[in-house]
Amino acid sequence: MKLLSRILSFFAGLAAVSAAIGAIGAWLVYEHYSQGLPDYYQLAAYDPPVTTRIYAGDGRLLAEYAVENRVFVPISAIPKRVINAFLAAEDKSFYSHSGIDIPGLINAVFVNIKNYGTDQRMVGASTITQQVTKNFLLTNERSIERKIKEAILALRIEKAFSKNRILELYLNQIYLGAGNYGVAAAALNYFNKSLDELSIAEAAYLAALPKAPNNYSITRYPEAAKIRRDWVISRMLEDGHITPQEADEARATALEQRKRSREERFEADYFAEEVRRELVQRFGEDGLYKKGLTVKSTIEPRLQEIADRILHKHLVSYDRTQGWRGPLARTDNLDDWKKQLETLGAIPWLDQWRAAMVLEVSAGEALIGFADGSEGLIQLEDLAWARKRDKEGRLGPQVKSVGDVLEVGNVIAVEAKVSEEDKADQVEELTTDAAIAPQMQAAGRPLFLLRQIPEISGALIAMDPHTGRVLAMSGGWSYKQSEFNRATQAQRQPGSSFKPIVYLAALEAGYTPSTIILDAPISINQGPGLPLWEPENFEKNFLGPATMRQGLQKSRNLMTIRMAQTIGMAKVAEVAERLGVVDRMYQTLAMSLGAQETTALRMVRAYAEIVNGGKKVTPTFIDRVQDAQGWTIYRHDERQCDGCQLSSYDGSAPPQLPDTREQVLDPANAYQMVSMLEGVVQRGTASAVKQVGKPLAGKTGTTNDGRDVWFVGFSPDLVAGVYLGFDQPRSLGPKATGGRLSAPIFRDFMIEALAEKPATPFRVPPGVRLVKVNEKTGERWQPGDEGIAIWEAFKPGTEPTGQQQIIEGYANYGQDAGYGSVIPLGYGNNIYGGYSDGGTTIIDSTGVYQGGQPQQPVFGQQPQYPVQGQAPVLVAPGQAVPGQAVPGQTLPGEQLGQQPGLQPGQQQVPGQPQPYPVQQQAPVLIPPQPSGGGDSGLY
């Protein structure tokens, strides 16, 4: 017994010594590996990269941006079913261990010893706490050193944080494959469900992924994915989280991935990109991609869909007039044509069209095939537009056979044919939409139409004129084809759509819509060694003296130049910069015709500030931004609303929001321009827009050689702009104008956009006097007048008085119109004694005549006047205006026998250039006094 006792005492002592040595060794290891460990307290301020989501006006998802696709969900919002699935699969004793699962570790050691030498992968015993340690603080390195550090940190984390906080970190941080981080993002993208909607089978699948998410992909490895899911279901049953019946039902459930519903998303890539740019500008790259912002955009999906569809329709229509440029691809071998189409891959910018292979060609039709094996026909009658162009760019002969256009082996774009009108070349008749009409057939096969991606591009942008909220924006044919946004990035000359800015400057200078401006030939001295600039009207004819309204309605270039020269380009530039058309305008006369480049968005903004009564607006694509905690960190409408925060309605009157917008235009001047632009639609270059049948106004624009064509216009509560042109500018054709190409796009957009809106008239601000005038002469309407009577808007004190000043452009010669000045050309016959194209006199920057004939009506000369039996009298500027003109009367201050145009006592020296009178701008034309019974106007 003593011997046995000694032996036991020896081994006990040996064990004690070994334990002491082991403890010392463990302490030394602990101390060694504890040095330089990461600070685990950073987990207290866990701020993971979270997905930023942008939403459309109707709540649908517009875009997502993230470096890690994650939606953070607090542990209190994660269903028990999901938590139990992960605990069963990863750490069933999570709520009982202290960070390290000792029994699990011993079991893993025995299993690994057993499997040593086989192809079985070593199993681990990492707890959820250890996984959090690895994911947040360490690397994925497989080493003893990392495992020791992981164990040390796990013990410390367990002491510092609650179990629920650790589990919350784990379930939100873990990678679950396919770019999904955290359980919420995985549930949404695998099953299109929120966490509380997941079934047992779906929760089990998510819990099966942490081990090797790429190896259990539903689409790539469906069998392995189901086996792993069913294993998790079995573990949930063993741990008592589900019943046997629930387990059987879950295992019997098919494992299927569900894509997110298209109804929950809205695609508007150009718009989304502008939102992204603005977010980066405001919050930086990290703010956009990591902070989980919730963004409410301004886009209205209904208007955006209309804008995209209408712009596409008109781009295709114009492109059809340019002939056929050839197939997408060609092949000489049709043995495996289906595979060749599959190899071609998706072409996203085909939009709703499909790629097809031409299999057979006859004189009257072509047989085409698709990658899915289906077939269809293209008929000769639908190829009339597809004439090929020669090397000089001229359209070839008419298409008489399908073989003139297509060949076997051509890969082409096609669209289902749903209407006989599809073969028409006119845009108004192009009404293809397979979604609303059945596809036509022939000989038992569906009919298709040949399509090609348009070379021409353009933009359509719509805005709320009162707030600057951009409601729709189409920046080209397809963002997938070209990310270049023609609405915001394309710098193009606006052409005549800029003219309202010139006339606004004139209205501010005291002129009225009835001001008479000379429409006659002019030339401009561009400087030594340079040829004269001789601008022309588009129609290459002249109206003679005409009202400002007529000049804008008929888009007369020469009248615009004369007015700009009279008021000075400095004034025009100031108005253009004030309205945001450009940041800094070159002060040369060519700019008055829209020669300085700008963008469609800037032009729409300027027109918005006209129709809203002269209030400044800042275009925005964003209404509100909230951070990940739901706090609003940006709001476009910054007005303070006193009384809006009541917890319940107390019966008081609704609070009134203040109008804090800056006034950039006099409301009366703004309305005068609205009225004139309404005339452009009713009687001018935009008459195509009248078909909308509601109050609309706007202006066409066409640049030299028809390179860019515009229309910008508005209703009282919606402003829209259209631009068309090639990305590499070239002529759109000799007949290309804003009225022919862009105005119909605006018209079609407004027809649908305003379909359910009442016909609201333009709002007249206080203080404007409406006077019935003759649209042609600008004078008060008289009984028996010829022409059209309109209500013209005037500021008080500026109504027609029977005397008119003809604006000829003499006022500011050589001052700010650029080098040189306007050169009036010739005197001729019109109702006011107007100008024709005879004779030339040059006036240089000194304001001195350089030879030639008189450049204006001689003082006292009586021109022809349309009202028979009455004659006006021309009175020199500075002279008193008589109470009533008497034919043949000597004008006040005029001496009998004095040469017209000279001051009293002044003698003309033969052959010497005569100075232009300093005070003289233009003769004053005094028509006869209005007769009794005329309309005095509506005030």
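Because the structure is a prediction, the values reported are computed rather than measured.

1. Let's talk about the overall build of the protein chain
- Scanning the protein chain from terminus to terminus reveals 20 helices and 29 strands.
- Taken over 939 residues, the protein chain has a buried fraction of 51%.
- Sequence-distant contacts in the protein chain: of pairs separated by 6 or more residues, those separated by 24 or more amount to 68%.
- Accessible surface computed for the protein chain: about 44,500 Å², of which carbon and sulfur atoms make up 51%.

2. A word on the sheet that holds strand β14 (residues 457-463)
- Strand order in the open sheet made by the five strands is β15-β14-β23-β22-β21, with antiparallel pairing throughout. This sheet does not close on itself; its edge strands, each paired only once, are β15 (470-474) and β21 (697-702). Across the sheet, the mean angle from the axis of one strand to that of its neighbour is 5°, orientation sign disregarded.
- With six bridges joining them, β21 and strand β22 (residues 708-715) adopt antiparallel strand pairing. Bridge pairing in β22 places T702 opposite V709.
- The sheet contacts of helix α18 (residues 600-611) involve β14, β15, β21, β22 and β23 (718-725), and relative to β22 the element is tilted by about 30°.

3. As for the environment of Y289
- Its location among the elements puts Y289 in helix α11 (residues 269-290).
- Sequence separation between Y289 and E68 is 221 residues; the distance between their C-alpha atoms is 8.2 Å.

4. A closer look at the packing of aromatic side chains
- Throughout the structure, instances matching the rule amount to 18 aromatic pairs.
- Consider the rings of Y65 and Y289, whose centres lie 6.2 Å apart with planes at 90°: the pair is edge-to-face. Of this pair, Y65 sits in strand β2 (residues 61-65) while Y289 sits in helix α11, placing them 224 residues apart in sequence. By the burial criterion, Y65 is buried, and Y289 matches it.
- Centroid distance F94 to Y95: 5.0 Å. Interplanar angle 80°. Geometry classified as edge-to-face.
- A relative accessible area of 0% means that F94 is categorised as buried.
- Among the aromatic residues, those joined into a cluster by ring pairs are Y190, F191 and Y205.

5. Focus on the sheet that holds β2
- Strand order across the open sheet formed by five strands is β2-β1-β5-β19-β20, with mixed pairing between neighbours. The open sheet has two edge strands, β2 and β20 (632-635), and neither has a second partner. The mean angle between the axes of side-by-side strands here comes to 15°, regardless of whether they run parallel or antiparallel.
- In this structure, strand β19 (residues 622-626) lies alongside β20, joined through three bridges in antiparallel fashion. Bridging from a neighbouring strand, V625 pairs with Y634 of β20.

6. Things to note about the confidence of the model for the protein chain
- Taken residue by residue, the protein chain gives an average pLDDT of 81. The fraction at 70 or more is 76%.
- Predicted confidence is poor over residues 424-436, with pLDDT under 50, and the contacts of this stretch with residues over four places away or in other chains come to 32 contacts.

7. Here's the deal with helix α17 (residues 569-578)
- Where α17 is concerned, the buried positions are M569, V572, A573, V575 and A576. Mapping the buried residues of α17 onto a view down its axis gives an arc of 165°, with all of them on the same face.
- Residues of α17 that are buried make contact with α14 (499-508) and α16 (557-567).
- Among the residues trailing α17, G580 stands out with phi positive, at a value near 80°.

8. Details of the pattern of salt bridges
- Overall, the coordinates contain 53 salt bridges when judged by the stated rule.
- Where D248 meets R251, a salt bridge forms, and the shortest distance between an N and an O atom there is 3.0 Å. Of this pair, D248 and R251 both sit in helix α10 (residues 244-252), three residues apart, which is roughly one turn of that helix.
- Relative accessible area serves as the criterion here: at 48%, D248 is assigned to the partly exposed category.
- Residue classification places R251 among the partly exposed residues on the basis of a relative accessible area of 26%.
- Note that K417 and E381 form a salt bridge whose closest N and O atoms lie 3.4 Å from each other. With K417 in the loop between β10 (410-416) and β11 (441-442) and E381 in the loop between β9 (375-379) and β10, the pair connects residues that are 36 residues apart, well separated along the chain.
- By relative accessible area, which is 37% here, E381 ends up partly exposed.

9. Section: the environment of D519
- Mapped onto the secondary structure, D519 falls in strand β16 (residues 516-519).
- Once the C-alpha coordinates of D519 and T547 are considered, the two residues, 28 residues apart in sequence, prove to be 9.6 Å apart.
- Contacts of D519, omitting those with residues within four sequence positions, involve N537, N541, F542, L543, G544, P545, R556, L558, M559 and R562.

10. Some thoughts on the pairing of β16
- Side chains of β16 alternate between two faces, with I516 and L518 and I517 and D519 buried alike.
- Relative to strand β18 (residues 544-547), β16 runs antiparallel, the two sharing four bridges. Paired with I517 across the strands is A546, a residue of β18.
- Where β16 meets strand β26 (residues 804-807), two bridges bridge the pair, whose relative direction is parallel. Residue I517 lies in a different strand from β26, and its bridge partner there is I807.

11. Quick look at the packing of helix α2 (residues 80-90) against helix α9 (residues 222-238)
- One can describe the packing of α2 onto α9 by two numbers: an axis separation of 8 Å at closest approach and a directional angle of 100°. Taken together, α2 and α9 sit at an angle that is classed as roughly perpendicular. Touching R81, N84, A85, A88, A89 and E90 of α2 are R228, W231, V232, R235 and M236, all from α9.
- Classifying every residue of the contact of α2 with α9 gives six nonpolar, one polar and four charged.

12. Some words on the pairing of β9
- By the criterion of burial, β9 is predominantly enclosed, with four of the five residues buried.
- Of the strand pairs in this sheet, strand β8 (residues 365-369) and β9 are connected by five bridges, and their pairing is antiparallel. From the neighbouring strand, L367 faces β9, where its bridge partner is L377.
- Counting the residues in the hairpin turn of β8 and β9 gives five residues, including G373, whose phi is positive at 95°.

13. Considerations on the packing of α14 against helix α19 (residues 667-683)
- Between α14 and α19, the shortest axis-to-axis distance is 10 Å and the interhelical angle comes to 135°. With respect to each other, α14 and α19 are oriented oblique. Considering how the two elements wind past one another, α14 and α19 form a crossing that is right-handed. Residues P500, Y503, L504, L507 and E508 of α14 form the contact with α19, whose participating residues are N669, Q672, M673 and L677.
- Here the residues of the contact of α14 with α19 are counted per class, giving six nonpolar, two polar and one charged.

14. With respect to unusual backbone geometry
- The residue N192 is not glycine, and still its phi comes out positive at about 55°.
- Structurally, N192 can be placed in the loop between α7 (183-191) and α8 (200-208).
- At K540, a residue that is not glycine, the phi angle is positive and equals roughly 60°.
- Along the polypeptide, K540 turns up in the loop between β17 (522-524) and β18.
- We classify K540 as exposed; its relative accessible area is 57%.

15. Side note on the side chain of T547
- Summarising the element assignment, T547 is placed in strand β18.
- T547 gets classed as buried once you look at its relative accessible area, which sits at 2%.
- Filtering out sequence-adjacent residues up to four positions away, T547 remains in contact with P513, S514, T515, I516, M559, E775, K776, T777 and G778.

So, how was this worked out
- Residues numbered from 1 in each chain as written.
- Predicted model: local features only at pLDDT ≥ 70, side-chain atom pairs only at ≥ 80, totals over all residues.
- Heavy atoms only, no water.
- Helix = DSSP H or I, 4+ residues; strand = E, 2+ residues; numbered from the N terminus.
- Buried < 20%, exposed > 50% of the residue type's maximum accessible area, 1.4 Å probe, protein only.
- Contact = heavy atoms within 4.5 Å.
- Areas by Shrake-Rupley, 256 points an atom, 1.4 Å probe, with all protein chains shown as cover.
- Pairing = 2+ DSSP bridges.
- Axes fitted to C-alpha atoms, helices over the stretch in contact; angles between N-to-C directions.
- Phe/Tyr/Trp six-rings, centres within 6.5 Å; stacked < 30°, edge-to-face > 60°.
- pLDDT = per-residue confidence, 0-100.
- Arc of directions from axis to C-beta.
- Salt bridge = Lys/Arg side-chain N within 4 Å of Asp/Glu carboxyl O.
- Parallel < 35°, antiparallel > 145°, perpendicular 65-115°, else oblique.
- Nonpolar A, V, L, I, M, F, W, Y, C, P; charged D, E, K, R; others polar.
- Left-handed = near helix turned anticlockwise from the far one by under 90°.

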